[in-house]
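Residue-level structure breakdown
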Amino acid sequence: MIEIYAAILGASIGIAGMNISGFSRRTTESREAVIRLTAGIESIATKLEDLHQDMKAEKVQASLDRREIYERLNDHGNRITVLEYKSPQG
């Protein structure tokens, strides 16, 4: 009778040990997956921040370009007005 109890106890310990080792393996795999995902998200966040900075720089440059274009147009408009005023037809 004691042999039966010992066999049941031994089998229970073996099953528990296998479950613990499987749980440990899954925990390790899950931890590694979380680390990989975190690294990927941080990389994406860095790239988005770089893109945002580039877009800001392009917006500032576009504003400067527009200002220069309008200044030139204004200058040409003033020259045309002077030429129209000096022309014999005007």
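Look up: the structure comes first, before these words.
The sections below set out a description of the structure shown in this document.

Definitions and cut-offs
- Within every chain, residues take consecutive numbers counted from 1 along the sequence as written.
- Only residues with pLDDT of at least 70 get local features here, since the model is predicted, and only at 80 or more are side-chain atom pairs given and counted; chain-wide, interface and lining totals rely on the full set of residues.
- Excluding hydrogens and water, the side-chain values take into account all heavy atoms of the structure.
- Secondary structure follows DSSP: runs of H or I at least 4 residues long count as helices, runs of E at least 2 residues long count as strands, and numbering of each begins at the N terminus.
- In this setup the radius of gyration rests on C-alpha atoms only. A globule is expected at 2.2 Å times the number of residues raised to 0.38.
- In this scheme, a residue with accessible area under 20% of its type's maximum is buried, one over 50% is exposed, and one in between is partly exposed, where area comes from a 1.4 Å probe on protein chains only.
- The protein chains shown are the only cover counted for residues, whose accessible areas, like all others here, come from Shrake-Rupley with a 1.4 Å probe.
- When charges are counted, Lys and Arg contribute as positive and Asp and Glu as negative, whereas His and the chain ends are disregarded.
- Just so you know, the charge point we use is NZ for Lys, CZ for Arg, CG for Asp and CD for Glu.
- In the sections that follow, a salt bridge refers to a side-chain nitrogen of Lys or Arg positioned within 4 Å of a carboxyl oxygen of Asp or Glu.
- Each patch is built from salt-bridge-free residues with over 30% relative accessible area, joining like charges within 9 Å and nonpolar side chains (Val, Leu, Ile, Met, Phe, Trp, Tyr) within 5 Å.

Looking now at the overall build of the protein chain. Scanning the protein chain for helices and strands turns up one helix and zero strands. Computed over its C-alpha atoms, the radius of gyration of the protein chain comes to 39 Å, more than 25% above the 12 Å expected for a compact globule of 90 residues. The principal-axis extent of the C-alpha atoms belonging to the protein chain is close to 130 × 15 × 5 Å. When the 90 residues of the protein chain are sorted by exposure, 1% land in the buried category. Roughly 8,500 Å² of accessible area belongs to the protein chain as shown, and the carbon and sulfur atoms make up 64% of that amount. Each charge sign in the protein chain was given a centre, from 12 positive and 13 negative side chains, and these centres are 2 Å apart.

The next point concerns the pattern of salt bridges. Going through the model one piece at a time under the given rule, you end up with two salt bridges. Arg-72 is paired through a salt bridge with Glu-68; the nearest N and O atoms lie 2.8 Å apart. Placement of the pair is Arg-72 and Glu-68 together in helix α1 (residues 2-86), with a separation of four residues, close to one helical turn. The salt bridge partner of Arg-79 is Asp-75, with a shortest N-O separation of 3.3 Å. Here Arg-79 and its partner Asp-75 are both found in helix α1, four residues apart, which amounts to about one turn of the helix. Residue class for Asp-75 comes out partly exposed when judged on its relative accessible area of 35%.

A word on a nonpolar patch on the surface. On the surface, Ile-44, Leu-48, Leu-51 and Met-55 cluster together into a nonpolar patch covering about 420 Å² of accessible area. Within the element layout of this structure, Leu-51 appears in helix α1.

All right, on to a negative patch on the surface then. Together, Glu-49, Asp-50, Asp-54 and Glu-58 line one region of the surface with negative charge. Mapped onto the secondary structure, Asp-54 falls in helix α1.

Take Lys-86: it is sitting in helix α1. The exposure class of Lys-86 is exposed, given its relative accessible area of 65%. For the pair Lys-86 and Ile-15, spaced 71 residues apart in the sequence, the C-alpha separation amounts to 105 Å.

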